[in-house]
Each structure stands twice: as structure tokens, then as C-alpha cells.
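Residue-level structure breakdown
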Amino acid sequence: MLLCTLEVFFACFGVAIIFQSAAAMAMQGINFASWHLLFAVLMVGSNMLLIYKGIRREFNPVVVTPAIIIAYAAYLTYPFAAQVGGISVIPWCTYFGLYGLLTPLTLGTVSQAVGHIIGFPLALLISIFGASAKTGIKFYFDEVIPHVLLLLIFSIMLTFLFSVARYYADNSDVLYTETLSAQLQFNRSKDKSVSLQEFDKLVHDNVMAALLDASRVEGPIADRTRALARRAITVIEDETNRVSPEGISTFQSLTEQIAVGVAPWNSRLRFVEDGGSNLPKADPDSEIPHAAARAFTHAVTEAVSNSARHSGTRTTQISVRTEMRRAANSSRSDEARPYIFCTVSDRGAGFDMKNLDLRRMGVRVSMIRSMEEAGGKVTIKSAPDRGTVVVVQWPGEK
């Protein structure tokens, strides 16, 4: 989402630079060959494409890469376009470097951006010196230095502001996970408190009814008293099983929990049928421990959330399938057991798996480790510009 917003911002910024350049040409006159205006046309086309992709919430490195090429090419080719007879050798494209920062700020690191902060003013100086050498027009440092310093200062400001935004966006995973965990813990505590209150009320109503009835009967306990006592015991057993954290869920109820968990992202989700297996489907009433079902739902929710925030696409695909099969490391004599899989995928920006920081809470705690502790497994496949696929399964296999 941040990168898409940045696309729109730089597109608007590019339009402002075009207007500034037009104003500079109006003041100085056109003292260069008209073919150099090709870079203005290229910037306008790049701006339109950025706005289109940004509004559609799609980020593609191919779209932002031309920005840096346009900027450097405009600077370095200007001396060839400069013509004798002008009143100044200051290029009309002086501030194109600000637009060129789009590429290192989105695709590179801060250190790479810093390199271009220095590179663009140097390219501007080369452009000025080259134009002066070709045309013979003298320049004065008190005229050149302000333009170079402004380009340098604005570049530093842009890089600083974006670096701060990028830092908080990258760390939003931790903040989001901590907040989500706290909210889930609060909800579980609240639900548990309500369940205990209902449990106490049921026990009170049934047990006290039996005791009161017994206190009013002389002699042997009446049949009614025994019936009330049996009813109280049954209620206690049923409620204990219901509120117990070690209770049992089913694949059907897990599917319903997943649907509730991903509901905030329904507008971007596309539910598809996963036909990747020819094995028979598992019974919807197949059992899964309550703790595993909770971890499963949390992992799927986190995968969908990450796709919505980082993929740069408008659509995330999700599918749920079940199988009856033997474990991979089992013998043929072993009986088949039920498995459940949920696949969350997108065709977005992706990331390099080698650079995946497993210390990040969103990946390690919320997805991988929690599922492993619950007896399940999370598999993540991704590559830059090739999207991401997350598969959550239970039970897991070593």
C-alpha cells in the first residue's frame, strides 16, 4: 500500500517538475535542440502509468525503473542539445533528479538512495560544464551553486521522509501482530469470563434445585431428587467439555472460523477450488484439536493480511481442501488420516526467501512457530516479481 501511494505521489511530483521546467524555459528561452524535449514526453508518459498503477493498487518494479533512467539521461544528454546563443547553461531539466529518486527509494536500500542523492547533483554539474564547453557560454558559480544545493537538499528531504515512512511500514507487522495478539487474548479472556458466568449459573440453578428439593423430602431421597442430581451432573460434564481449551473442533467448523477470520478482506479475496490432489476428500466432521484450529485460523488470517498490505495487487486467492491419505513417512499398512490445507496466494511483488527474516513476529510467531507447536505446518514460497504462496496444513509432517 505504501509503494502504491508513493507511485501516485511521485507522479504528481513529476507533473509539478514539468511545470517548473516549462516556467524555466519561458524565462530563459529555448536554447537547446527540440529533440531534448523527448524527456518531457517520457516523464509525462511515466507519470500517467504511475497514476494508473497506483490507483489500481498495483506495484510493479518495471513501472518505476524508468524514472532513474529518464533523470540521468536528461542530464547527460543536455550538453549535446545545448545551442550557441542562449543566455544560460542551466538545464531546463534541473530538477529531474527528484523524480529519478523514485527508483532507488522503492527498489533499493537507503544506502543506494544516498548514492543517488550525490549522483544527481554531480550529473547536473557535468551537464552544466558540458553545455558551457560546447556553447562557450560562461557560467558563474553564484548562479550554479543554488540550483545544485536545492537539488541536493530536496533529495535529502525526500529520502529522509520516505525512509521514516518505510521504517514504520516495515515494522507495522510487529505492531499489528502485537495488537492482534492482545486483542485475541482480550477476546479469549472475555469469552472465557462469559462462559464461566454461564457455567456458574447453570451449576447454581441445577445443583441448588436438587439440594432444595432434597431438603424438603423426609426419609429416602425421592426419585425427583435423583433425577435433578443426574441432570446437574450431565450439565456440568457438557459445559466442562464445551469450555475446555482442549476441546475438539471439526474441519467444517474450522472452515467457518477461517471465513470469519478473513472477513475484513472479503472485497479483495477470490475463493477458488483447489483441485491439486486426486486423493479422496476428508469427512467434514473430521476432528482437529481446538488449539490447532485456533492456530490454523490465525496463520491464514496473517497470510491474507500480509498479502493485502505488501503484495501490491488488488486480488488474493484463497482455497481450502481436505484429503484422506497416509503420512509421507508412513508404511503402506498405516491407515489413511484426514488432512486439511489452506492456500493463500497472490501475483504481487513477492520477496527473496533468502532475505526472509524469521525473527519477524508476523512470520515466525503468528504463522510458522504457532502452527508447529499445534502440530501443523506452514510453507511459504515467494520470489521477487513472481508473487507469494502460503500453504497452511494440519497435521504437519517432518
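So, here is what we can say about the structure in this document. (Residues numbered from 1 in each chain as written. Predicted model: local features only at pLDDT ≥ 70, side-chain atom pairs only at ≥ 80, totals over all residues. Heavy atoms only, no water.)

**Digging into helix 11 (residues 251-261)**
For helix 11, every residue scored as buried is listed here: Phe251, Ser253, Leu254 and Ile258. All buried residues of helix 11 lie within an arc of 155 degrees about the axis, which places them on one face of the element. (Buried < 20%, exposed > 50% of the residue type's maximum accessible area, 1.4 Å probe, protein only. Helix = DSSP H or I, 4+ residues; strand = E, 2+ residues; numbered from the N terminus. Arc of directions from axis to C-beta.)

**Some points on the nonpolar core**
Counting 50 residues, the largest nonpolar core has Tyr75, Trp92 and Phe96 as its most contacted members. The greatest single-element share of this core, amounting to eight residues, is contributed by helix 4 (residues 66-81). Those residues in contact with Trp92 that sit more than four places away from it in its chain are Ser21, Met25, Phe32, His36, Leu37, Ala40 and Tyr78. With 28 residues, the next largest nonpolar core counts Leu254, Trp265, Ile288 and Ile318 among its residues. (Core = buried A, V, L, I, M, F, W, Y, C linked by side-chain atoms within 4.5 Å. Contact = heavy atoms within 4.5 Å.)

**Some remarks on unusual backbone geometry**
For the peptide bond that leads from Trp394 to Pro395, omega is -5 degrees, which places it in the cis range. For Pro395, the position within the fold is in the segment after strand 7 (388-394). Positioned with a positive phi, Asp385 is a non-glycine residue whose angle comes to about 70 degrees. Assignment of secondary structure puts Asp385 in the loop between strand 6 (377-382) and strand 7. Given a relative accessible area of 47%, Asp385 falls into the partly exposed group.

**Considerations on the sheet that holds strand 7**
Pairing in this open sheet of five strands is mixed, and the strands run 2-4-5-7-6 from one edge to the other. Each edge of the open sheet carries a strand with a single partner, namely strand 2 (269-271) and strand 6. Strand-to-strand twist in this sheet, taken as the mean axis angle between neighbours without regard to direction, amounts to 20 degrees. By the bridge criterion, nine bridges tie strand 4 (residues 316-325) to strand 5 (residues 337-346) in an arrangement that is antiparallel. (Pairing = 2+ DSSP bridges. Axes fitted to C-alpha atoms, helices over the stretch in contact; angles between N-to-C directions.)

**Quick look at the pairing of strand 5**
Within strand 5, eight of the 10 residues are buried, which leaves it mostly tucked inside the rest of the structure. Looking at chain direction, strand 5 and strand 7 are connected through seven bridges and run antiparallel. Across the sheet, Cys342 pairs through a bridge with Val392, a residue of strand 7.

**Section: the side chain of Ser132**
In this fold, Ser132 is placed in helix 7 (residues 110-135). Note on Ser132: relative accessible area 13%, which makes it buried. A distance of 2.7 Å separates a polar side-chain atom of Ser132 from the backbone oxygen of Ile137. (Polar contact = N/O pair within 3.5 Å; in protein donor to acceptor, adjacent residues only side chain to side chain.)

**Quick word on the packing of aromatic side chains**
Tallied over the full model, the rule gives nine aromatic pairs. Ring centres of Phe9 and Phe13 lie 5.8 Å apart, and the angle between their planes is 10 degrees; on these two criteria the pair is classed as stacked. With Phe9 and Phe13 both in helix 1 (residues 2-28) and four residues apart, the pair spans about one turn of that helix. Of the residues examined, Phe9 reaches a relative accessible area of 41% and is grouped as partly exposed. Judged by its relative accessible area of 23%, Phe13 is partly exposed. Directly above the ring of Trp394 sits Arg337, whose terminal nitrogen or CZ lies 5.9 Å from the centroid. (Phe/Tyr/Trp six-rings, centres within 6.5 Å; stacked < 30°, edge-to-face > 60°. Lys NZ or Arg CZ within 6 Å of the ring centre and 35° of its normal.)

**Some words on a nonpolar patch on the surface**
On the surface, Phe129, Phe141, Ile145, Leu149, Leu150, Ile153, Phe154 and Met157 cluster together to form a nonpolar patch covering roughly 730 Å² of accessible area. Broken down by element, the residue count for the nonpolar patch peaks at seven residues, all from helix 8 (residues 141-170). What makes Phe141 exposed here is its relative accessible area of 54%. (Patch = residues over 30% accessible without salt bridge, like charges linked within 9 Å, V, L, I, M, F, W, Y side chains within 5 Å. Areas by Shrake-Rupley, 256 points an atom, 1.4 Å probe, with all protein chains shown as cover. Salt bridge = Lys/Arg side-chain N within 4 Å of Asp/Glu carboxyl O.)

**Some points on helix 4**
Compared with the 22 Å implied by 1.5 Å per residue over 16 residues, the 21 Å span of helix 4 between its first and last C-alpha is a close match. Of all bends in helix 4, the biggest is about 30 degrees, found at Tyr75, and the proline Pro79 comes one to four residues later. Considered for burial, the residues of helix 4 that qualify are Ala67, Ile68, Ile70, Ala71, Ala74, Tyr75, Tyr78, Pro79 and Ala81. (Expected span 1.5 Å × (residues − 1). Bend = angle between axes of the 7 residues up to and from the residue.)

**Details of the pattern of salt bridges**
Enumeration according to the criterion identifies four salt bridges in this entry. Its salt-bridge partner being Glu323, residue Arg325 comes within 2.9 Å of it at the nearest N-O pair. Assigned by exposure class, Arg325 and Glu323 land together as buried. Several salt bridges share partner residues, and in doing so they unite Arg321, Glu323 and Arg325 into one network.

**Focus: the packing of helix 11 against helix 12 (residues 290-310)**
At a minimum axis separation of 9 Å, helix 11 and helix 12 run at an interaxial angle of 35 degrees. In terms of crossing hand, the pair formed by helix 11 and helix 12 is right-handed. Of the residues in helix 12, those touching helix 11 at Leu254, Gln257, Ile258 and Gly261 are Ala293, Phe296, Thr297, Val300 and Thr301. Split into classes, the residues belonging to the contact of helix 11 with helix 12 amount to five nonpolar, four polar and no charged. (Left-handed = near helix turned anticlockwise from the far one by under 90°. Nonpolar A, V, L, I, M, F, W, Y, C, P; charged D, E, K, R; others polar.)

**Describing the packing of helix 4 against helix 7**
In a pair of packed helices, the angle between the axes and the distance between the axes together describe the arrangement. Close contact between helix 4 and helix 7 brings their axes to 7 Å; oriented N to C, the two are set at 15 degrees. By the angle between their directions, the pair helix 4 and helix 7 is classed as roughly parallel. Taken as a pair, helix 4 and helix 7 cross one another with a handedness that is left-handed. For the pair helix 4 and helix 7, contact is made by Ile68, Ala71, Tyr72, Tyr75, Leu76, Tyr78, Pro79, Phe80 and Ala81 and by His116, Gly119, Phe120, Ala123, Leu124, Ile126, Ser127, Gly130, Ala131 and Lys134, respectively. (Parallel < 35°, antiparallel > 145°, perpendicular 65-115°, else oblique.)

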